[in-house]
Every structure is written in structure tokens, then in C-alpha cells.
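Structural description and commentary
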Amino acid sequence: MHDTTPQIEMRVERFVRERVAPAVERRHVALDVTAWEVPDEPVPFAEAVAQDFTAFKPGMAWSRPWGTTWFHVTGEIPEGWGGADVALELVVDLGFSARQPGFQAEGLIYRPDGTIVKGLEPLNNAVPVGPGPVDLYIEAASNPDVGGHYFYLPTPLGDKATAGAEPIYTLRRVDLVERDLTVYGLLQDCWTLVGLMEQLEASLPRRAEILRALERMCDVVDPDRVAETAAAGREALAGVLASPAYASAHQVIAVGHAHIDSAWLWPTRETIRKCARTFSNVLALMDEYPDFVFACSSAQQYAWMKEHYPELFERIRRRVADGRFVPVGGMWVESDTNMPGGEALARQFVHGKGFFLREFGYEPGDVWLPDSFGYTAALPQIARAAGARAFLTQKISWNESNRMPHHTFWWEGIDGSRIFTHFPPADTYNSDLSGADLARAQRQYAEKGVSNVSLTPFGFGDGGGGPTREMMEAAARTRSLEGSPRVEVGTPERFFELARTTHPAPATWSGEMYLELHRGTYTSQANTKQGNRRSEHLLREAELWSATAAWRGLADYPYETLDDAWRTVLLQQFHDILPGSSIAWVHQEAERNYAAVAAALAPVIDEAQRALAGPGSAPVVFNAAPVAAAGAPALGAVAGPPPAGVAPVAAGTGWVLDNGVVRAVFDAAGLLVSFAETASGRELVAAGEAAALLQVFRDTPNQWDAWDIDAHYRHTVTELREADAVEATGDALVVRRSFHRSTFTQTFRLVEASPELEIETRVDWHEREKLLKLAFPLAVHADRASSEVQFGHVQRPTHANTSWDMARFETAAHRWVHVGEPGFGVAVANDSTYGHDITRRWAADGSTVTLVRESLLRAPRFPDPHADQGEHVLRTALRPAPTVLEALDTGYRLNLPVRAVTGGGPVAPLVTVSSPAVVVEAVKLAEDRSGDLVVRLYEARGGRARARVEVSEPVERAWTTDLLERDPADLADAAVQASAWAAGEPIEIAFRPFEIVTLRLRRA
């Protein structure tokens, strides 16, 4: 037989595109349209429909960037329209582009009574109508396509103030349409079969069989009478569609999904509307397809629906009860996991699961984070302590250098906790269930031979939209189709049950899941990151002192204020806000939110401290850190002023700061050339080097400006070794430097009896595409570095032996990093920096220099062309630290500076712990408002420990619990081992390495 495959494929493609697809619309008629443009921010339905609407028609432009126009659509259904073989629909084209849905104009359709029908999206723009006249309102959002085709060009569109005022969309169409159901079915048959055929090997008989069936379809369907002959075309394809899947075919559990970024290239106000559009689309699809289920994470998005769209929320509630609208993840938002503090990650689950349990009586059993930028090694334990049994992610498929070796596996955290994890082999969380996506899932699945099932999330996402009827039609056709994986529309729980059953002994991945991309997210938008760090520690202080005062009967506990503040902070930890990868509007709003959190918590802290200090005029120094500071005990207060600083002394051409514990020497240019421990004489700064050295690098990533730091940044560096001025000011040495348009002021301080050199770096930053680092070349031979993560630390190599090591050239740390040798080490702590790089090099004498650098600031041009511009104040501490516990001490002290109020005298801690390796991370009252005390502790050294926990007030009963603070009888999950103590019994707890323990206590 002659091979005419290319010719047939071309014929099929053109026939479907030019003949079949246009014939889906049997006939159409234009409807009447009037419009009202909202002057500024969006308004509710009732306010909008009360306005004066004016005549409007297709071809007219509407709304500036970020604007809103309301359209009123009316008309009669012509006589004779409708019938069993057609569907009557309103079809609207707001001016949609060929770009992806969710990144351009969208709409939400209302009935005249204010109830929502569904959303309007570029690829989901039809709305069922009839019987009776058409009378609908469309809230149309003119959201600009901020990313465009490149996702790296600077744009003014991300800031409402600079986005422009001219209309950016033109209404193209508002029609009543008869959709021919038979032709539509033929179109979906063709889409599925062509997609499958393109994935099959050319030598397979199945591929030729499908091709010939499609050729027969082209023969039997009359291009001039498609509607009348479409049934014959479907009959020509029925045989190949009926051929069942191979017995060994891969099984895909297809989960309806719409990954909606809670902010990104749009502000949160638009996310709220995106959720309403998407969720109403989903609910409409459930009415049309009884087997359709939809999984949705982020309690915040449900809470927005409850607040802004209560009728829609009640419809969601009913579908949750049916098991078809499935809350997943259990977190307040799909958070970043690298930078939120330990307690904040815990509260993601406390507030997320708390909402789902209160509103739906439902507790998700999984963690759902498809798009976060890497995953902390602390997460398995946190998730398990929150009752989660499974974890799903997708983003690791974006790795630049190394491919994850597993798709279904155990993920082990720093404490040894494991969680059953899946990484969908389709490599997308926005699948359309195309032949390409399904074939990729089958082809790439790593566990072939031991398991044969994977999960594929389907639906338009990032900007929302969700699944469409075309995707459901594809799922129906691939339920059992030869050559294709078997597709079953189901829930995540269905997948995880099946995966556990079919893969009883998965491999284990231990430690963090580091994303070999988007390393710049540890540094971009420094103000947002600083706001997060400050807010987390303000919340710690507010809870600690309020709980202490409440348990001593001195004040009421401010539940509402604290809850509101936590939910604001948790929202800002979304994986495109805290990482600094959103438009200017988002980060401006974040800074306002953090300022509001600080304003709300400041009086809470002050009032609780004054109640505890009592009347009097003595200075009382409060220490919220879990370690002693400024003479005050951990979690307590002491009477008297804090220690004073040591004045700099001129020495030769330079300066010296010396308090008898450590000695810092600066040269004439204000460079730190020596920092030595007095008792041992051990030098921390490598010979011939300068520490606390500011370095500016060229920072031009290949793509994804705000997201990425590429390895080639290291090729071009300017070191700021010259000083504009060096002067002693009181107890500080102040050094001023400049670079291009930016100025830098470094202030060095040393406090009496302290081993910590405090370094304040004040920057007025006006660079573009530059990276600012603070470098510490240390006289330490360290083949690994310890970096603080949530509830512990991770150790990473300082070398690049393997491709995995090499790819980890920029990493995240929280309050401190530690590098050391047996018996000696150095800690570098920070108050708001996350990005670090820690490497080794060799001095002229052959000795090892361990280089620790903090990444202070960047200046990416996209998506916010003004990112990081302006003034910043960043604080660092350098100290000798034999072990990680000294590093931990400094990190807490730097981030929780003591506060002084006037009062009557010292305040004893409410909670004390006997072991220095056991840290109190949170002291609060219980979420259920019972008045019980909740104390969160963890083992910080990475070894086993025993600790006695003492409470200054009488305790009736104490018990260990999970993050949700449940009664021991309700702790079915073996991840939390419950213990209990009666009144008078000593509370002694044995800790595993890095173990988190949540202790609940009832007052006598």
C-alpha cells in the first residue's frame, strides 16, 4: 500500500477546522446590549444594576486596564428555535485574545434577581438560556495581559496608577446560538482521536486504524450539509472509539481542578472575582455532568466566597456535602514553604482545616501544593501533625538540571516523619486531558512495573477558569480507549487509596525537595519579606504576653485581633506574594497589610506587658525570645535597663570594637578585617579577607526576572571596598559607601558581654538588574552548612560534587546559618533575609575559606519594574558559635529584640523548659476559646532530648495533641503519640530529633 499518511492527516485537520467546527453553531442572532462602566473599583450587583445603562453594540471598545463594565443583555428567542438535538446558548466574545485563559478579559453572568449563572472565559464563553426571553447581566473585567508573550519585558500594566486609561478590549459578539449537539459530539470525537493518533508510534496498527476511520469520516460527512450528515460521521468513528484500552494501560485519575493564584499578575480583589467565575463554572458543569468532581484548595478562597458571594457559597456547601466539590490541601492558601516560619506553616493548617471543619464538617486528608517553589524538609512532620496523610506537588518538574527519580514515593522530613507523596507524571496541573497530556503521563511514569496509576489535575488554571465541557467529553471518550491510558474522573482521595493499594513499598526521598529554578524568590521584593518576618514575630509576642496575662487573670485574650492578623499574614505567604513574583499592585497592598498588622498588634503587646509589669516607674525589659536576652530570662521580663554598647576605639589608621568577649578590627576603609574570640584567640575572618563586605553582581536571568537567579550572576561582581566616610558615633562605627545611584550605610555595634557583632546595613537602592550580597569569608573548614528551616535546620554541602549539589547554588535559610569544625564554628544571623549562598574556596596557604553570603536585595524588571527600589534596613549578626544552639540563640535575639516598659518589677515566665535543646516556639490560648493554654515546642539540635516543662500557674490536666489541638481520644492518626499528665505530675517529655510537640494545658 502506498503511504498517504501525511496527505490524510492534512485533509482531516483542515476538514475538522473549516467544516466541522463552524457547523457546531447551527444558527445565531444578535441580542440587545446596554452598558455601564464602573468609574473605579468594582461594585456589587445591586449597586451596578441601579445605574443608567446606555446603548452598546459589538465593535465598540470598553474599559481601561483593570476596569469593569456591566453589560445588560436582553432579547427574545426566535420562534422555532430549540429542540432535542440542539442547545440554546448565549455566546459572548468580550474581545478575547488567543493567549491563555485567565490572563485577559473575563466576565460573570447574573440573572436579574442577582443570582449567579456562570463565568465567561475565553475558552468557556457559552451560557445556557431558555425557555423564555433572555435577560442577563454581565460583569466584565478588563484585566490586562500583564505577561504578554514573553513574561520578562517591563510593563506599566501591573500598577493601576501607571496602567493607562484607554480602553483595551473591543466587544465582538453577544449572540443567541443554537448549538448542534450531534456536530458538537463529532467535533469532540475528532479532537480525542486526532490527539491520540498523534501520540502513537507510526508503526502501530492502531495509529493507522484511527487515521483510516478519520478519513472515512471526511468521506461520509458532506461539507455542504454537515449538520445533516454528522451522525454518519460519528458512526464512521464509533468502531475505533469503542475499542477498549489495553489490559496494561496506565490508569489516570483525572481530578477537576483550577489552580487560582491568590495573587500574581492581578491583585487579590481580582482573585476574589476569579474565584466566583471559576466556581460558578464548576457548579454549572456539575449540573451537566453527573460524574464530574472538582478539587479546590485554599480556605481563603472559600472564605472570600462566603463574604462576597454568599448565595454561591451555599451552592458550594451543598456540593461539598454531595462529595463533588472537594476541599483539598487543608491550608489557608497554597503557601510558599521555604520562607514562612515554623509556626506560620503550622497555622496555615490550623486556620485552613479549622475553616473546612467549621463550614463543611470536612477535613482534607492531603496537602495540595502543585505550584509552590520548592518544599522545605520540615513540611512532612508539620503536615502529619496536622492530620494529613498524603502530599501532592507538580512544580519540581521545572528543575533545570536534575529530574526527580520518582512519581509516587514516601517523602521523609528532617525528623524522620514520612508522608505518601505523588508528583503527577503529566507534568502539568492545568491539563486539558489531551492525547499529549495523557500520553506524557503514561510515558514518564517512573514506577512502571510496580504501580500503574497516576493523578492528572485538569482544568484551566493559574488565572482560573477551571474544567470545561470539552474536557469532560474527552474524559468520557478515554475511559477505556485502545492506545490511551484509562481515564477515570475521581477525587484525590480515590487516587491516593488506589496508589497505596497498588504500590505498597514506594521508594523514599529524604530531605528538602529543592526546586532547581526560581532561586531569586528568596530575595525579590525585600519589603514584602521583611513585612512577613516582622509580622510573624509580632504575632509571637502578642500571643505570648496576652496568654501570660490571661492565665494570670490580668487581661482578656484578644482572639479576634490575633485571628485577623494571622489570616492576613497567612494570605501574604501565598506562593506568588511572599516570593516577590507578583505585580507592583500586589506588593504595595502587601506592605499596607503588614503595616496594618503592626498597628493592630502594637497595642496588644503593650497592654499585655503593662498589665504584667504592674504599676511602677522602673524600667522592665521584656524578652519574647525562647533564650535569655539583655539580662531577661526566656519568655520573661527583668527590671533594669538593657546592657550598653561598647564605644569604638581608634587604632592606627582603623578602628576596634572590643568588649572582652570578642574583638572586631576595621581598617581605614571601614572593612572588617578581623573578628576574634578573646578566650580562645580563634580568628573568624579568613586571612587577608574582609567580612561584612558588600558585593554587587550583574543579575540578568535568562527568563522569569523576579523568580530566577542564574548561576552566571557570579561572573560579574563589584566589591564595595572604598568608603565615602568612616566615623565613630556614640557606641557605633558608621561606614558610608556608594555605588552608581545607590548609597550604603553600615553600622557596627558590640554590646557589653555579648559575643555578637551587630551589623545594620541601610541601603538607598536605585539599581536595575543587580544583586546585592553581604559576604563573610570565614576561617572555617566546613564541608557542609547548617541552615535554619521551620522547627530545625538542614545541612547542605558547601561543595559541588554532584549535579544536585551544583544546582543548589542559592538556598533559603531563616534566621541563621552555621558553619563549623569540631569544637568551633561561626553563625551568621539575619532579621529579614532568606537567600544565601555558602561555598568553599582556598587561601594561598592552602587553608579552606568558607564563604557565607546573604542575598540582601535584587532589582528585577518584571513583573514589577520598580521592585526593591528605595530605602531598606537589614540587620545581621556575626558570632563565634561552637554548635547550632548558639546560632539559634542569636537568631532569636536578633528577630525578637527586647522591649522596655515602665512597671513594678520582673515578670516570671509562664512556661520554662529544662533542656537547652528544646525550644518554645509558641505560647497561646487554644483555638476553641476554652481558655486552655497551648505550648508548641521542638527539639532544635537534631538529637534526642528529655525536657521538663513547668508552668507558673496551677494546672489541672495536660496532654500532647496535634496542631489542631484535639483531644487525645480524637487523635486517630499515629503521627501524634498522645501523652497526658494529671495535676501535680511533672510534665516530662522525650523528644526525637527535631520533633514538634504541641502541649495543651487546662488551668486548675
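In this text the structure is predicted, and so the values were computed from the model without any measurement.

**Brief notes about the overall build of the protein chain**
A count of helices and strands for the protein chain gives 18 helices and 52 strands. Against the globule reference of 30 Å for 1004 residues, the protein chain gives a C-alpha radius of gyration of 31 Å, in line with a compact fold. Reported as C-alpha extents along the three principal axes, the dimensions of the protein chain are approximately 95 × 65 × 60 Å. Considering only residue pairs separated by 6 or more positions, the protein chain has 74% of its internal contacts joining residues 24 or more positions apart.

**Concerning the nonpolar core**
Within the largest apolar cluster, 183 residues are counted, with the highest numbers of intra-cluster contacts made by Trp 70, Phe 279, Met 305, Phe 325, Val 923, Leu 933 and Leu 1001. With 11 residues, helix α16 (residues 584–613) is the largest single contributor of residues to this core. Counting residues in each nonpolar core, the second largest holds 45 residues, with Ala 526, Leu 757, Leu 774 and Ala 782 among its members.

**What to know about the sheet that holds strand β27 (residues 662–666)**
One open sheet holds the 4 strands; their spatial order is β25-β26-β27-β28, and the pairing between them is antiparallel. The strands lining the two open edges of the sheet, one partner per strand, are β25 (649–651) and β28 (672–677). Within this sheet the neighbouring strands show an average axis-to-axis angle of 25°, counted without direction. Bridge count between β27 and β28: 5 bridges; the pairing is antiparallel.

**Regarding the state of the cysteines**
All told, the structure shown has 0 disulfides when counted by the stated rule. No disulfide involves Cys 190; its nearest neighbouring cysteine sulfur is the one of Cys 218, lying 7.3 Å away. Residue classification places Cys 218 among the buried residues on the basis of a relative accessible area of 4%.

**As for the side chain of His 250**
Relative to the helices and strands, His 250 resides in the loop between α5 (226–242) and β13 (251–256). Excluding residues that lie within four positions of it along the chain, His 250 makes contacts with Ala 441, Gln 442, Tyr 445, Asn 452, Val 453, Ser 454, Pro 485 and Arg 486.

**What about the pairing of strand β52 (residues 996–1003)?**
Across the 8 residues of β52, 6 count as buried, placing the element largely inside the fold. Strand direction decides the pairing type here: strand β47 (residues 933–939) and β52, joined by 6 bridges, are antiparallel. Note on β52: the bridge partner recorded for Leu 937 is Val 997.

**Things to note about the sheet that holds strand β6 (residues 86–93)**
An order of β1-β12-β6-β9 is seen for the 4 strands of this open sheet, with the pairing classed as antiparallel. Two strands close off the open sheet at either side, each with one partner strand: β1 (25–30) and β9 (126–128). When strand polarity is set aside, the average angle formed by the axes of neighbouring strands in this sheet is 30°. Inspection of the sheet shows β6 paired to strand β12 (residues 173–180) by 8 bridges, in the antiparallel sense. Within β12, the residue paired with Leu 90 across the bridge is Leu 176.

**Here's the deal with helix α8 (residues 310–322)**
Between its terminal C-alpha atoms α8 stretches 19 Å, which fits the 18 Å expected from 13 residues at 1.5 Å a residue. Where α8 is buried, its residues meet β8 (116–120), α6 (268–288), α7 (299–308), β15 (325–327) and α9 (342–360). Among the residues trailing α8, Gly 323 stands out with phi positive, at a value near 85°.

**Re the packing of aromatic side chains**
Inspection of every chain in the model, using the stated rule, returns 46 aromatic pairs. On the basis of an interplanar angle of 75° and a centroid distance of 6.3 Å, the ring pair of Phe 103 and Phe 151 is categorised as edge-to-face. In this pair, Phe 103 sits in the loop between β6 and β7 (106–110) while Phe 151 sits in the loop between β10 (134–142) and β11 (169–170), placing the two residues 48 residues apart along the sequence. For the residue pair Phe 103 and Phe 151, the accessibility class agrees, reading buried in each case. Plain terms: the ring middles of Phe 791 and Tyr 938 are 5.5 Å apart, the flat faces sit at 80° to each other, and that makes the pair edge-to-face. Residue Phe 791 is found in the loop between β36 (784–789) and β37 (792–797), and its partner Tyr 938 is found in strand β47; the two are separated by 147 residues along the sequence. Here Phe 791 and Tyr 938 have matching classes, each one buried. By way of ring pairs, the aromatic residues Phe 279, Phe 294, Tyr 302, Phe 313, Phe 325, Trp 332, Phe 355, Phe 356 and Phe 360 are connected into one cluster. A cation sits over an aromatic face here: Arg 815 above Tyr 892, 4.0 Å from the ring centre.

**What to know about a nonpolar patch on the surface**
There is a patch of nonpolar side chains on the surface, built from Tyr 150, Tyr 152 and Leu 153 and spanning about 310 Å² of accessible area. Note on placement: Tyr 150 falls in the loop between β10 and β11.

**Side note on unusual backbone geometry**
Looking along the chain, the bond that leaves Gly 130 and enters Pro 131 is cis, with omega of -10°. Backbone torsion omega between Phe 862 and Pro 863 reads 5°, so that peptide bond is classified as cis. Locating Pro 863 in the fold gives a position in the loop between β42 (848–857) and β43 (870–880). Non-glycine residue Ser 63 carries a positive phi angle of around 60°. Its place among the elements puts Ser 63 in the loop between β4 (61–62) and β5 (67–75). Residue Ser 63 is classed as buried on the basis of its relative accessible area of 1%. Although it is not a glycine, Ala 753 sits at a positive phi angle of roughly 65°. Checked against the element boundaries, Ala 753 lands in the loop between β33 (742–750) and β34 (757–765). Looking at Ala 753, the relative accessible area reads 64%, which means it is exposed.

Cut-off values and rules
- Every chain's residues receive numbers from 1 upward, in the order its sequence appears when written.
- With pLDDT at 70 or above as the cut-off, local features in this predicted model cover only qualifying residues; side-chain atom pairs require 80 or more to be listed or tallied, and sums for whole chains, interfaces and linings still use all residues.
- Water and hydrogen atoms were dropped before computing side-chain values, which therefore reflect all heavy atoms in the structure.
- Helical segments are the DSSP runs of H or I of at least four residues, strand segments are the runs of E of at least two, and each set is numbered from the N terminus.
- Put simply, the radius of gyration uses C-alpha atoms, and a globule should come to 2.2 Å times the residue count raised to 0.38.
- Contact definition: two residues touch when any of their heavy atoms are within 4.5 Å.
- We call a set of buried Ala, Val, Leu, Ile, Met, Phe, Trp, Tyr and Cys residues a nonpolar core when their side-chain atoms join them within 4.5 Å.
- Any residue under 20% of the maximum accessible area for its type is buried, any over 50% is exposed, and the rest in between are partly exposed; the area is computed with a 1.4 Å probe on protein chains only.
- Two strands pair if DSSP finds at least two bridges between them.
- Only C-alpha atoms enter the line fits that serve as axes; for helices the fit covers just the stretch in contact. Angles between N-to-C directions range over 0 to 180 degrees.
- When two cysteine sulfur atoms are found within 2.5 Å, that pair is recorded as a disulfide.
- Each residue after the first adds 1.5 Å to the expected span of a helix.
- Put simply, two rings from Phe, Tyr or Trp (the six-membered ring, in Trp's case) pair if the centres are within 6.5 Å, and we call them stacked under 30 degrees between planes, edge-to-face over 60, tilted for the rest.
- Charge-over-ring placement is defined geometrically: NZ (Lys) or CZ (Arg) within 6 Å of the ring centre, and within 35 degrees of the ring normal.
- A residue counts toward a patch only above 30% relative accessible area and without a salt bridge, and it is joined to like-charged neighbours within 9 Å or, for Val, Leu, Ile, Met, Phe, Trp and Tyr, to nonpolar neighbours within 5 Å.
- Per-residue accessibility takes into account occlusion by the displayed protein chains alone, with areas from the Shrake-Rupley method and a 1.4 Å probe.
- Only one rule defines a salt bridge in this text: a Lys or Arg side-chain nitrogen within 4 Å of an Asp or Glu carboxyl oxygen.

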